[in-house]
Amino acid sequence: MQRLSLTLRQDNVPLDLISLIKTILAATKEISFRVSQAHMSGLMGSTLDENIQGEIQKKLDVVANELFKDILLESGFVKAISSEEEDTSVAGNAVGKYIVSFDPLDGSSNIDINSLIGTIFSIHEAPEHMDANNPDMFKQSGDKQVCLGYVLYGPATMLVMTTGSGTHFYVLDRTHGGYLLVHRNVKIPEDTQEFAINMSNQRFWQEPMQNYIGDLIAGEAGVRDKNFNMRWIAAMVGDIHRVLSRGGIFTYPTDSKNPNQPHKLRLMYEANPMSFLIEQAGGLAMTTTGRIMDIEPTSIHQRVEVIMGSKNEVETCLSYFK
Ligand code: F6P
Ligand code: MN
């Protein structure tokens, strides 16, 4: 099996970006270890604090965030970081070439049940003319990401990453401590019979989504003329990993459950990096009005509706909104 650094050289990734990627991966190896040791270190359960997203933080959310943030800021490679767990961006090296957005521990409701969680990261070039303290540096579309991916802390710790030359899967080999390539240029099947959505929100969806999911559930007896299966891991990293591995459609649609917050997933930390991986693998990543990666962000903690996965199924879903 090929080492990650060789794959990066084959994909012609610039040396300074390789150094940043290695820094990020060092952080993920540490988080992977801390997650596996959480019971012994008293790191299970919640803190008493709410993050900027209005969610109670788990102890491991805080630990993963601090680790990721410190390692990145100390590296000197980054001008600033922005995290789902931080109120605003945090300045690093004024002459750093890159900025990094991340969700240190996605799917944190899975922590206490020893289920799938992961770290999502996204790298953009730092605008030279802006101050390192300026969060507006992060207001760049997903299209401009230069490298992004996630690390899934599952039965195996896996890295899924792209630098724009295909989506590749790697596995953490604990015997030598590095990531090894297991699947180059992953391709998502264009058709699927599997969907992922939180069905308990059904009554809050817009009518076209109600109709679309209704037709999937009707299966062979309905207009789709085939049966569909449903999966919901409640961690986007886990659900997207399944979609990349064997196809499917994943959606967190607009809903009216909380009128002040029609969308759940975050553009910078979740939707953009996952969209890039999905598109590199031949899938689609959309909102009902356009491509996710075309969105020009207006705030760093912006949320967005998400419909992504197997190309033909995403198109079918969108046709209900026309
Ligand atoms: O980070 C948000 C998140 O945990 C995603 O990883 C996941 O897809 C979703 O929320 C789960 O939402 P729900 O709690 O509605 O199942
Ligand atoms: Mn998340």
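Worth saying up front: this structure is predicted, and the values here are computed from it rather than measured.

1. A few points about the UniProt feature "binding site: Mg(2+) 2" (unreviewed entry) in the chain
With numbering aligned to this structure, UniProt lists the feature "binding site: Mg(2+) 2" (unreviewed entry) at D103, D106 and E270. Spanning 168 residues, the named residues nonetheless gather at one spot, since no C-alpha pair among them exceeds 8.5 Å. Those annotated residues from the list above that line the largest pocket are D103, D106 and E270. Its place among the elements puts D106 in strand β5 (residues 98-106). Among all residues touching D106, those that are not within four sequence positions of it are I117, G118, I120, A235, M236, V237 and E270. A relative accessible area of 2% means that E270 is categorised as buried. Not counting the four nearest positions on each side in its chain, E270 is found in contact with E84, D103, D106, I120, M236 and L265.

2. Quick look at the pattern of salt bridges
One pass over the structure, following the stated rule, counts 18 salt bridges. R34 is paired through a salt bridge with E30; the nearest N and O atoms lie 3.0 Å apart. Of this pair, R34 and E30 are both found in helix α2 (residues 15-36), four residues apart, which corresponds to roughly one turn of the helix. When salt bridges with common partners are traced through the structure, they connect E55, E84, R266 and E270 into a single cluster.

3. Brief notes about the coordination of the manganese ion (ligand 2)
For the manganese ion (ligand 2), every protein donor is listed as D103 (OD), D106 (OD) and E270 (OE), and the spread of their distances is 2.0 to 2.2 Å. Counting residues between consecutive donors of the manganese ion (ligand 2) along the chain gives the motif D-x2-D-x163-E. Taken together, the residues span a long stretch of sequence, with D103 in strand β5 and E270 in helix α6 (residues 267-280) at a distance of 167 residues. With relative accessibility at 0%, the residue D103 sits in the buried group.

Rules used in this analysis
- Residues numbered from 1 in each chain as written.
- Chains lettered and ligands numbered in written order.
- Predicted model: local features only at pLDDT ≥ 70, side-chain atom pairs only at ≥ 80, totals over all residues.
- Heavy atoms only, no water.
- UniProt positions renumbered as here; feature names shortened; annotations may be inferred.
- 1 Å grid on protein atoms, 1.4 Å probe; cavity = no way out; pocket = protein on both sides within 12 Å on 5 of 7 lines; lining within 4 Å.
- Helix = DSSP H or I, 4+ residues; strand = E, 2+ residues; numbered from the N terminus.
- Contact = heavy atoms within 4.5 Å.
- Buried < 20%, exposed > 50% of the residue type's maximum accessible area, 1.4 Å probe, protein only.
- Salt bridge = Lys/Arg side-chain N within 4 Å of Asp/Glu carboxyl O.
- Donors = N, O, S within 2.8 Å, 3.2 Å for Na, K, Ca; no water.

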